[in-house]
Amino acid sequence: MKIIRSLKEMSGFSRKAHVKGKSVGFVPTMGALHEGHLSLIRKARKENDVVVVSIFVNPIQFGPKEDYGRYPRNLRRDSKLCEKSGADVIFYPGQKQMYPLNYKTYVAVYDLSNCLYGKFRPGHFKGVTTVVNKLFNIVSPDNAYFGQKDAQQAIIIKKMAEDLNIPVKIKVLPTVRERDGLAMSSRNAYLNKEERRDATVLNQALILAKNLISQGNTSSSVIIRRMKELINNKKSARIQYILIVDPNDLLPVAKIKDKVLIALSVWMGKTRLIDNIVVSL
């Protein structure tokens, strides 16, 4: 497995692969890899001739008081996991390469970026779409892989690729969970024992919502109220939002008639966790 740090070298590598008629699969990450990331790499391995994983902790998607400085970084560990999962290349650019002095260009997907998670992290998705757009331009993948846990992010990136005519297929894979149901996340490492135990309530609340809908409940307000009651029983938990929205435009749904995205964000102590589920009536 090869580690490439240069933008020019990365572009050249992909160009040569395409000239040879090879497909390029791409998994963009910020490192701190877990089984969720590895499932994406393994899927890319099955579906492509060449697999590229980027590791770049993107500063412009973090707010001024967020965890950019303490976000876990361990290239040696991540490299071993990438190689074991079938990656051919790790693209590991530096911040000054990605955002040189006097950098002034950003990409934003309006409306979809300002609701749900984006409402509470202003500018976050502008940072995400900007860096992913740059990575797509550098790596030139045929297929790019994302996790359902970050459902809003995946929807936004799909829309960006569509609107900007980026020739890449966006593939969204199911959320990978711990045995007790907690969605895998790099930030789970921040939780203490009590918070980690209480955090399983996020998935429990989503399952409750799914069961209520399967029983014929279609009122979003009633379902959300029941979810809040369950989560509020946990001492560590502080709800930021629970929303039931249309999975295409992310607009709130009052009465469930078709497929919906149920998304939540909950602070467990000082750590914010997100999770979601897609349910059809």
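Up top you'll find the structure we're talking about.
First, a word on what this report is: a plain description of the structure on this page. The residue numbers shown here count from 1 along each chain, following its written sequence. Restriction of local features to residues with pLDDT of at least 70 applies here, the model being predicted, together with a cutoff of 80 or more for giving and counting side-chain atom pairs; totals for whole chains, interfaces and linings are based on all residues. Hydrogen atoms and water are omitted, and side-chain values are computed over all heavy atoms in the structure.

Regarding the side chain of Thr29
Of note, Thr29 is situated in strand 2 (residues 24-29). Reaching out from Thr29, the side chain makes a polar contact with the backbone nitrogen of Gly31 at a distance of 3.0 Å. Within 3.5 Å is the distance limit for a polar contact, defined as a pair of N or O atoms, with the added protein rule that one can donate a hydrogen and the other accept it, and that residues adjacent in sequence qualify only through two side-chain atoms. Among the polar contacts listed, one links the side chain of Thr29 to the backbone oxygen of Ser54, at a separation of 2.8 Å. The helix count covers DSSP runs of H or I at least four residues long, the strand count covers runs of E at least two residues long, and both are numbered beginning at the N terminus.

Structural notes on the pattern of salt bridges
Any Lys or Arg side-chain nitrogen located within 4 Å of an Asp or Glu carboxyl oxygen qualifies as a salt bridge. In this structure the tally under the stated criterion is 15 salt bridges. Between Glu47 and Lys43 there is a salt bridge whose closest N-O contact spans 3.3 Å. Remark: Lys43 and Glu47 occur in helix 2 (residues 35-47); sequence separation between them is four residues, near one turn of the helix. By relative accessible area, which is 32% here, Lys43 ends up partly exposed. Residues joined in a network through salt bridges with shared partners are Lys43, Glu47 and Lys171. Burial status follows relative accessibility: with a 1.4 Å probe on protein chains alone, a residue under 20% of its type maximum counts as buried, one over 50% as exposed, and anything between as partly exposed.

Quick word on the packing of helix 2 against helix 3 (residues 75-85)
Helix axes use the C-alpha atoms of the stretch in contact, all axes being lines fitted to C-alpha atoms, and the angles between their N-to-C directions lie in the range 0 to 180 degrees. Between helix 2 and helix 3, the shortest axis-to-axis distance is 9 Å and the interhelical angle comes to 35°. Like other packed secondary-structure pairs, helix 2 and helix 3 cross with a definite hand, here right-handed. Counting all contacts with helix 2, which are made through Leu38, Ile41, Arg42 and Arg45, the residues of helix 3 involved are Leu81, Cys82 and Ser85. Take the far helix as the reference: if the near one is turned anticlockwise from it by less than a right angle, the crossing is left-handed, and if turned clockwise, right-handed. We call two residues in contact whenever any of their non-hydrogen atoms come within 4.5 Å of each other.

Note that all results are geometric; they support no functional claim without further evidence.
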